[in-house]
Amino acid sequence: QVQLVESGGGVVQPGGSLRLSCVASTINFSIYAMGWYRQAPGKQRELVATISSGSSTNYADSVKGRFTIFRDNAKNTVYLQMNTLKPEDTAVYYCKAQYIAMNYWGKGTLVTVSS
């Protein structure tokens, strides 16, 4: 069982930046593919960005060029650097760890982009 704890959410003005963190409680963090997903009110959860165990990355078209996902295996942590935030980025952001058929989710952190 892997526990994931997200942090770093908050309220930010349009055009601002936030960095989300997700710490995993596992000694084998490096073997997991990690991802950030988000769910806005009234909408389905959607993929934001993923990073493989080999640090290959993938982004949703809506965040390409603005968000960066990266990981620090020594700290069991995956990050999401979010720049040039827009009101439509407002959502609960969830961290996910995946290895073969095993998937683990965090409880989420709220990001609100508003003036």
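Please refer to the structure higher up on the page.
What you see is a predicted model; the values in this text were computed from it and never measured.

Q: Would you mind showing me how to read a nonpolar patch on the surface here?
A: A cluster of nonpolar side chains, namely Ile31, Tyr99, Ile100 and Met102, defines an oily patch on the protein surface of about 350 Å² accessible area. Structurally, Ile100 can be placed in the loop between β9 (91-99) and β10 (102-105). When its relative accessible area of 65% is taken as the criterion, Ile100 is described as exposed.

Q: Teacher, can you tell me more about the sheet that holds strand β1 (residues 4-7) here?
A: Two modes of strand pairing occur in sheets, parallel and antiparallel, and in both the strands are linked by backbone hydrogen bonds. Spatially, the four strands line up as an open sheet ordered β1-β3-β8-β7, and their pairing is antiparallel. One side of each edge strand has no neighbouring strand; the edge strands of this open sheet are β1 and β7 (67-72). The sheet shows a mean angle of 15° between the axes of neighbouring strands, direction not considered.

Q: What should I look at first to understand the pairing of strand β11 (residues 109-113) in this one?
A: Taken residue by residue, a regular strand's side chains alternate between the two faces of the sheet. The alternating pattern of β11 places Thr109, Val111 and Val113 on a buried face, while none of Leu110 and Thr112, on the opposite face, is buried. Inspection of the sheet shows β9 paired to β11 by three bridges, in the antiparallel sense. Residue pairing in the sheet places Val92 in a bridge with Leu110 of β11.

Q: Any chance you could explain the environment of Tyr59 here in plain terms?
A: Its place among the elements puts Tyr59 in strand β6 (residues 57-59). Its relative accessible area of 18% is what places Tyr59 among the buried residues. In this structure the C-alpha to C-alpha distance between Tyr59 and Pro87, which are 28 residues apart in sequence, comes to 19 Å. In this view, Tyr59 contacts Val48, Ala49, Lys64, Phe67, Thr68 and Ile69; residues no more than four positions away in its chain are not counted. There is a polar contact of 2.9 Å between the side chain of Tyr59 and the backbone nitrogen of Ile69.

Conventions and cut-offs
Residues numbered from 1 in each chain as written. Predicted model: local features only at pLDDT ≥ 70, side-chain atom pairs only at ≥ 80, totals over all residues. Heavy atoms only, no water. Patch = residues over 30% accessible without salt bridge, like charges linked within 9 Å, V, L, I, M, F, W, Y side chains within 5 Å. Areas by Shrake-Rupley, 256 points an atom, 1.4 Å probe, with all protein chains shown as cover. Salt bridge = Lys/Arg side-chain N within 4 Å of Asp/Glu carboxyl O. Helix = DSSP H or I, 4+ residues; strand = E, 2+ residues; numbered from the N terminus. Buried < 20%, exposed > 50% of the residue type's maximum accessible area, 1.4 Å probe, protein only. Pairing = 2+ DSSP bridges. Axes fitted to C-alpha atoms, helices over the stretch in contact; angles between N-to-C directions. Contact = heavy atoms within 4.5 Å. Polar contact = N/O pair within 3.5 Å; in protein donor to acceptor, adjacent residues only side chain to side chain.

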